[in-house]
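Here is how the chains run, residue by residue.
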Amino acid sequence: MSEKIATREAYGKALVELGAANEKVVVLDADLAGATMTKLFKGAYPERFFDCGIAEANMTNISAGLSTMGLIPFCSTFAIFGAGRAYEQIRNSIAYPKFNVKVCCSHAGVSVGEDGGSHQAIEDIGLMRMIPGMTIVVPADGNETRKAVFAVAEMEGPAYMRLSRLASPIFEEDHPFEIGKAIVLREGKDAAVFACGLMVAEALEAAKLLSAEGIEISVINMHTIKPIDAECVTKYAQQCGNVITVEEHSVIGGLGDAVADVLMGKVCCKFTKIGINDVFGQSGKATEVLREYGLTADQIAAKIKATI
Amino acid sequence: MNTAELSKVCKQVRRDIINMTANASSGHPGGSLSMTDLMTCLFVNHMRIDPKDPKNPDRDRFVLSKGHCAPCYYAVLAEMGFFSRDEFENFRQLHSILQGHPDCKKVPGIDASTGSLGQGCSIAVGMALGAKLQKKDINVYTILGDGECQEGQIWEALMSAAHFKLDNLTVIIDNNGLQIDGSNDEVMSLGDLAAKIRAFGFELIELADGHDLEAIDAAFSAKTAEGKPKCILAHTVKGKGVSFMENQAGWHGKAPNAEQRAQALKELED
């Protein structure tokens, strides 16, 4: 895992590739094209790029309208403004009519860093999960982001994609990507660790640290939060007996709750949710902020150990 | 259709609104009655749509941004032949296609689900933009409520319609002056709507009488300058056509009882 690229950057590049393959693809942004990296698409296909200005609610519903004309809109902004500010627009004007809009939000989680708590969405997965019929994808690295972009374009209906600002490692191994199909990255009998986004790399590092102490954990990349791969979750929970979820999101409403919903009343296991513990984030260097909230490999390893 | 024929259809639509809301013992008759002439004229004389082919990709589009006035929408669509009038009695009932607010998944002829105020206008902007991008000759229409213009998103939508030069978009404002809690001026003054909309880059046609079918018809036919979106600001009467409902905010979201229904239907006879 040497090369690093932010999933937002991989998103921008993938859009350019997708734009070449599919002329129905249009991209919208709300004055953040330089940050969400949709500027790459804007450069390649200016006629199919619409900057809606600092008006996310309008952009979200313009996307809804464009989708009814047979186009495939990728509606992009920061997670706090997309899933947050335009929540009800997504709920009522995209998800309720089942329109084919892809809401793709970067700068999710506390790894936003310096901008601080006002800009660090820690509840976006929860908000989107509660909407009936919403597909939620959280790619773990640059390669997976590319595949996810193509996959959400291929599927019919609303989807939410969560992307990060911080550059993160590209996994050495390449895995096939299918929406709703979790990827087992590492097999180990002592615990099943379900992670998403940037936390997948951290969980893999935690696995190495634990392995040195003789503890072997399974690490599962939950790139799709909804529909969740219930079969995989159940199987690994039963197999390992200890379940740990890791996400750069509130422990309320996110991946941890999605996994718990699968297991509740079905599998008897120890369960620890690692995430943001019902507090807002703050300014700092992304790596420092992640450490502040206990989301680095060594901290995750310690919590896994405590669970077992 | 000439205005005499249109006028007959409008009466039928108004009777349907009364019957639907009375049957359901709920719904929004006031605003449905105020927009009846605008919507009927638009659908009968101007929109290029085919009830036998409701999903034709090249059809004109309509968004009822003031989605609570679904009874008028349903009555006009049935009149056009998109579905049977038998559906009316199921309005607002369990498992009905005729939801309290328009649901495009369920009703043939409806292009967008609306009801949460402020959102439909932006959807219409997206439709008009999509038509332009694909170089299709498609006109997009949306009806807004005046009270709805208190939503900030309406102004985001108007700003973007002018920015994207959407001369294939017509925004119609049903300016009946009343909303749930009282008059617009009591609740939240809209000020000089006409001046505001012009300042947002629209070509504006103001209809002093939003029930004058000849004037409405001419407003829809009027061509605007290239690159400029059109707004028809129609001054209307809430509850129009039913004496005891006219200009009464109380009839915004209240259904007539049996006695009131009978009286209303009598007033709306041909």
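Throughout, a residue's number is its position along its own chain's written sequence, starting from 1. Lettering for chains starts from A, numbering for ligands starts from 1, and both go in the order in which the items are written. Residues qualify for local features only when their pLDDT is at least 70, as the model is predicted, and side-chain atom pairs are given and counted only at 80 or more; totals for whole chains, interfaces and linings, by contrast, use all residues.

Caption draft 1: Highlighting the overall build of chain A. Within chain A, the secondary structure is distributed over 13 helices and 14 strands. Taken over C-alpha atoms, the radius of gyration is set against a globule rule of 2.2 Å times the number of residues to the power 0.38. The C-alpha radius of gyration computed for chain A amounts to 18 Å, which stays within 12% of the reference 19 Å derived for 308 residues, consistent with globular compactness. If one aligns the C-alpha atoms of chain A with their principal axes, the spans along those axes are about 55 × 40 × 35 Å. To sort residues by exposure, count the other C-beta atoms lying within 10 Å of each residue's C-beta; 20 or more gives buried, 12 or fewer gives exposed, and values between give partly exposed, all with C-beta atoms placed from the backbone. Per-residue burial for chain A yields a buried fraction of 59% across its 308 residues. The helix and strand labels rest on DSSP assignments: H or I over at least four residues marks a helix, E over at least two residues marks a strand, and numbering proceeds from the N terminus.

Caption draft 2: Region of interest: the domain arrangement of chain A. Residue and element names in this part refer to chain A. Those domain boundaries reflect an automatic or database domain assignment. As assigned here, chain A comprises domain 1 (4-169) and domain 2 (183-307). A separation of 25 Å is found between the C-alpha centroids of domain 1 and domain 2. Each residue is represented by a C-beta atom placed from its backbone, and any two residues with such atoms within 7 Å are regarded as in contact. On the domain 2 side, the residues contacting the 27 residues of domain 1 number 29 residues. Sorting the residues of the side of domain 1 that touches domain 2 by element identifies α7 (124-129), β6 (135-137), α8 (142-154) and β8 (167-169) as the ones contributing at least two each. Amino acid classes used here: Ala, Val, Leu, Ile, Met, Phe, Trp, Tyr, Cys and Pro are nonpolar; Asp, Glu, Lys and Arg are charged; the rest, including Gly, are polar. Within the side of domain 1 that touches domain 2, the residues separate by chemical class into 12 nonpolar, 10 polar and five charged.

Caption draft 3: Representation of the interface of chain A and chain B within the structure. Contact residues are listed per partner, giving 22 residues for chain A and 22 residues for chain B. Elements represented by at least two residues in the side of chain A that touches chain B include exactly α4 (56-68) and α6 (87-95) of chain A. The element contributing the most residues to the side of chain A that touches chain B is α4(A), with nine residues. Classifying every residue of the side of chain A that touches chain B gives 11 nonpolar, nine polar and two charged.

Caption draft 4: Broad picture of helix α13 (residues 297-307) of chain A. All names here are of chain A. Looking at α13, one finds that the buried residues are Ile300, Ala301 and Ile304. Across the axial projection of α13, the buried residues extend over an arc of 100 degrees, all falling on one side. Opposite the buried face of α13, at more than 90 degrees from it, the exposed residues are Asp298 and Ala306. Tucked inside the fold, the buried residues of α13 contact β10 (191-195), α9 (199-211), β11 (217-221), β13 (242-250) and β14 (270-276). In this description, the arc belongs to the directions extending from the helix axis to the C-beta atoms.

Caption draft 5: Geometry of the nonpolar core. Ranked by internal contacts, the top residues of the largest apolar core, which has 185 residues, are A:Val193, A:Ala195, A:Ala203, A:Ile220, B:Tyr74 and B:Val125. Mapped onto the domain boundaries, this core takes at least three residues apiece from domain 1 (4-169) and domain 2 (183-307) of chain A. Under the definition applied here, buried Ala, Val, Leu, Ile, Met, Phe, Trp, Tyr and Cys residues are grouped into a nonpolar core through C-beta atoms within 7 Å.

Caption draft 6: The arrangement of unusual backbone geometry in detail. The peptide bond linking A:Lys226 to A:Pro227 adopts the cis configuration, its omega dihedral lying at 0 degrees. Note on placement: A:Pro227 falls in the loop between β12 (224-226) and α10 (230-240). Here the phi dihedral of B:Lys165 falls at roughly 55 degrees; this positive angle occurs in a residue that is not glycine. B:Lys165 gets classed as partly exposed once you count the C-beta atoms within 10 Å, which come to 16. Positive phi, normally seen in glycine, also occurs at B:Asn247, with a value near 60 degrees. Tracing the backbone shows B:Asn247 in the loop between β7 (230-235) and α10 (258-267). With 15 C-beta atoms packed within 10 Å, B:Asn247 lands in the partly exposed category.

Caption draft 7: Spotlight on the sheet that holds strand β2 (residues 140-145) of chain B. Residue and element names in this part refer to chain B. Here we have five strands laid out as an open sheet, ordered β1-β2-β3-β7-β6, and parallel in their pairing. Looking along the sheet, the strands with just one partner apiece sit at the ends: β1 (61-64) and β6 (203-207). For this sheet, the mean angle separating the axes of adjacent strands, direction not counted, is 15 degrees. Bridging between strand β3 (residues 169-175) and β7 involves six bridges; their strand directions are parallel. Directly across from Thr170, in β7, lies its bridge partner Lys230. A pair of strands counts as paired when DSSP detects no fewer than two bridges linking them. Angles run from 0 to 180 degrees between N-to-C directions of axes, and those axes are lines fitted to C-alpha atoms, restricted for helices to the stretch in contact.

Caption draft 8: Fine view of the sheet that holds β13(A). Residues and elements named next belong to chain A. The sheet built from five strands is open, its strands ordered β9-β11-β10-β13-β14 with mixed pairing. At either end of the open sheet lies a strand with only one pairing partner, and these are β9 (183-186) and β14. Here the strands of the sheet are splayed against their neighbours by 25 degrees on average, with no regard to which way each runs. When β13 meets β14, the two strands line up parallel, connected through six bridges. Counted as the bridge partner of Val246 is Ile274 from β14.

Caption draft 9: Quick look at the environment of B:Asp181. Mapped onto the fold, B:Asp181 is located in the loop between β4 (178-179) and β5 (182-183). When the C-alpha atoms of B:Asp181 and B:Lys228 are compared, they prove to be 34 Å apart, with 47 residues separating the residues in sequence.

Caption draft 10: Representation of helix α4 (residues 70-80) of chain B. All names here are of chain B. Where burial is concerned, most of α4 is hidden: nine out of the 11 residues are buried. Looking at α4, one finds that the buried residues are Ala70, Pro71, Cys72, Tyr73, Tyr74, Ala75, Val76, Leu77 and Ala78. Residues of α4 that are buried sit in contact with α1 (3-24), α2 (29-34), α3 (36-46) and β1. Following α4 by one or two positions, Gly81 has its phi on the positive side, about 100 degrees.

Caption draft 11: Region of the structure containing the pairing of β3(B). All names here are of chain B. The element β3 is largely enclosed, with a buried count of seven among its seven residues. Burial along β3 is two-sided: the face carrying Leu169, Val171, Ile173 and Asn175 and the face carrying Thr170, Ile172 and Asp174 are both buried. Pairing of β2 with β3, which is carried by six bridges, proceeds in the parallel orientation. If you follow Tyr141 over to β3, its bridge partner there is Thr170. A crossover gets the label right-handed when its path from the first strand over the helix to the second runs clockwise, viewed with the strands pointing away from the viewer. Note that the unit made of β2, helix α6 (residues 152-163) and β3 has a crossover that is right-handed.

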